[in-house]
Amino acid sequence: MKIKARSMSAALTSVLVFGSFAGFVCTANAQSPEMQQRIAEIKQASAKNKQALMSYSWNEQDTISLKGEVKKVQHYQVRLGPDGKPQKTSLDPPEDAAPPSGGRMKQKVVAKKKEEYKDYAESMKALAQQYAPPDPAKIQQAAAQGNITLGPVAGSPSQVQLVIKNYVKPGDSMTLVFDKEQKSIVRVQIASYMDDPKDAMNLTVNYSKLPDGTNHIDSMVIDGVSKQLNVAIQNSNYGHV
């Protein structure tokens with residue numbers, strides 16, 4: 001009995017020591033000087049670019065595809081509102097109503113499917129806006145909670161990547177690639193989901209610079225995995241307003 005009690009005590013001590021060590025590593029990583037430096041640089045760069053983009057307007061093209069087939073292409077003029085959020089104005093003429101085909105039942109089914117996929121595509125775009133552009137306050141919060149891993153980018157010594165867990169939703173993941181020399185975000189990769197964790201949504205965001213150095217979202221691809229619905233967003237024609 002004494003041997004068993006001693007073994008249990010030793011095991012408990014090991015668990016407590018390991019748990020304390022794991023907590024220390026997590027906290028140390030979250031509070032490491034390099035981690036805090038990169039987060040500070042991202043915060044500063046984001047604020048600077050957001051302010052610069054307030055004086056621009058640009059064109060956005062949204063291409064919606066279902067199972068690889070293009071179903072709709074939308075065009076917008078975009079500029080940031082006073083709250084810093086994008087305000088869009090459609091550049092497309094009103095759609096002509098297509099003549100109905102098939103019986104009433106078929107027409108109802110087709111109309112319902114179109115509405116479902118339209119709503120789903122809009123929900124995908126709304127969720128994507130919660131990730132892109134990244135929110136520095138959320139990144140700082142994730143670091144404080146020990147949800148960020150900082151590491152190098154293979155083949156790109158000037159770049160680092162922050163892998164952020166539980167950024168918007170429990171179990172999601174965002175990988176942010178940041179250029180240390182240019183002080184700018186290069187790309188963002190997100191693995192998230194819609195209302196149900198089984199309903200996966202993947203998002204890829206690529207950045208580029210304007211002639212004055214302003215960093216902006218160049219393109220964004222949103223994949224609704226279960227419905228095989230894809231929304232490809234391309235920004236272009238930036239000009240001062």
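What you see is a predicted model; the values in this text were computed from it and never measured.

About the criteria used
- Residues numbered from 1 in each chain as written.
- Predicted model: local features only at pLDDT ≥ 70, side-chain atom pairs only at ≥ 80, totals over all residues.
- Heavy atoms only, no water.
- Helix = DSSP H or I, 4+ residues; strand = E, 2+ residues; numbered from the N terminus.
- Buried < 20%, exposed > 50% of the residue type's maximum accessible area, 1.4 Å probe, protein only.
- Contact = heavy atoms within 4.5 Å.
- Core = buried A, V, L, I, M, F, W, Y, C linked by side-chain atoms within 4.5 Å.
- Phe/Tyr/Trp six-rings, centres within 6.5 Å; stacked < 30°, edge-to-face > 60°.
- Lys NZ or Arg CZ within 6 Å of the ring centre and 35° of its normal.
- pLDDT = per-residue confidence, 0-100.
- Salt bridge = Lys/Arg side-chain N within 4 Å of Asp/Glu carboxyl O.
- Axes fitted to C-alpha atoms, helices over the stretch in contact; angles between N-to-C directions.
- Parallel < 35°, antiparallel > 145°, perpendicular 65-115°, else oblique.
- Arc of directions from axis to C-beta.
- Polar contact = N/O pair within 3.5 Å; in protein donor to acceptor, adjacent residues only side chain to side chain.
- Pairing = 2+ DSSP bridges.

### Topic: the side chain of Thr 63
So, step 1. Here Thr 63 is to be found in strand E1 (residues 56–66).
So, step 2. Classification of Thr 63 as buried rests on a relative accessible area of 16%.
So, step 3. Apart from residues lying up to four places away in sequence, Thr 63 is in contact with Val 70, Lys 72, Val 73, Asn 230, Val 231 and Ala 232.

### Focus on the nonpolar core
So, step 1. Ile 148, Leu 203, Met 220 and Ile 222 are the most contacted members of the largest nonpolar core, which totals 38 residues.
So, step 2. Judged by nonpolar contacts, the second largest core, of eight residues, contains Trp 58, Tyr 76, Leu 210 and Tyr 238.

### Quick word on the environment of Asn 59
So, step 1. Along the chain, the position of Asn 59 falls in strand E1.
So, step 2. Take Asn 59: its relative accessible area is 24%, and that puts it in the partly exposed class.
So, step 3. Residues Asn 59 and His 75, 16 residues apart in the sequence, show an inter-C-alpha distance of 7.1 Å.
So, step 4. Once you skip the residues sitting within four places of it in the chain, Asn 59 turns out to touch Tyr 76, Gln 77, Leu 91, Gln 234, Asn 235, Ser 236 and Asn 237.

### Considerations on the packing of aromatic side chains
So, step 1. A full pass over the atoms with the stated rule returns three aromatic pairs.
So, step 2. Ring geometry for Tyr 56 and Tyr 238: centres 6.3 Å apart, planes at 70°, overall edge-to-face. Highlighted residues: Tyr 56 in strand E1 and Tyr 238 in strand E10 (residues 229–240), separated in sequence by 182 residues.
So, step 3. Using a relative accessible area of 5% as the deciding quantity, one classes Tyr 56 as buried.
So, step 4. Here Trp 58 and Tyr 238 contribute two aromatic rings whose centre-to-centre distance is 5.0 Å and whose plane-to-plane angle is 15°, an arrangement assigned as stacked. Taken together, the positions of Trp 58 in strand E1 and Tyr 238 in strand E10 put the pair 180 residues apart, joining distant regions of the chain. Of the two residues, Trp 58 and Tyr 238, neither departs from the other in class, the shared state being buried.
So, step 5. Counting every residue linked through ring pairs, the aromatic cluster contains Tyr 56, Trp 58 and Tyr 238.
So, step 6. Above the ring of Tyr 76, the side-chain terminus of Lys 88 is found at 5.3 Å from the ring centroid.

### Overview of the confidence of the model for the protein chain
So, step 1. Looking at the protein chain, the pLDDT average stands at 87 and 82% of residues meet or exceed 70.
So, step 2. Note that residues 1–28 has pLDDT below 50 and, in this model, one contact with residues that lie over four places away or in other chains.

### With respect to the pattern of salt bridges
So, step 1. Inspection of every chain in the model, using the stated rule, returns seven salt bridges.
So, step 2. Here Glu 41 makes a salt bridge to Lys 183, at a shortest N to O gap of 3.8 Å. Remark: Lys 183 occurs in the loop between strand E6 (173–179) and strand E7 (184–193) and Glu 41 occurs in helix H2 (residues 33–53); sequence separation between them is 142 residues.
So, step 3. Taking relative accessible area as the criterion, Glu 41 reaches 10% and is therefore assigned buried.
So, step 4. Between Glu 60 and Lys 88 there is a salt bridge, with its nearest N and O atoms 2.8 Å apart. Placement of Glu 60 in strand E1 and of Lys 88 in strand E3 (residues 86–90) is noted, with a sequence separation of 28 residues between them.

### As for the packing of H2 against helix H4 (residues 136–144)
So, step 1. The geometry of H2 relative to H4 is characterised by a closest axis approach of 9 Å and an angle of 170° between their N-to-C directions. One element, H2, and the other, H4, form an angle in the roughly antiparallel class. In this structure, H2 uses Gln 36, Ile 39, Ile 42, Lys 43 and Ser 46 to contact H4, whose residues at the interface are Pro 136, Ile 139, Gln 140 and Ala 143.

### Some details on H4
So, step 1. Buried residues of H4: Pro 136, Ile 139, Ala 142 and Ala 143, and no others. Projected down its long axis, H4 carries its buried residues within an arc of 120°, all on one side. Of the exposed residues in H4, the ones pointing more than 90 degrees away from its buried face are Ala 137 and Ala 144.
So, step 2. For H4, the capping residue at the N-terminal end is Asp 135, with a side-chain oxygen 3.0 Å from the backbone nitrogen of Ala 137.
So, step 3. Of the residues one or two after H4, Gly 146 is the one with positive phi, at around 75°.

### Topic: the pairing of strand E4 (residues 148–153)
So, step 1. Pairing between E4 and strand E5 (residues 156–165): six bridges, direction antiparallel. Within E5, the residue paired with Gly 151 across the bridge is Gln 161.
So, step 2. Between the end of E4 and the start of E5, which pair antiparallel, lie two residues, with Gly 155 showing a positive phi angle near 80°.

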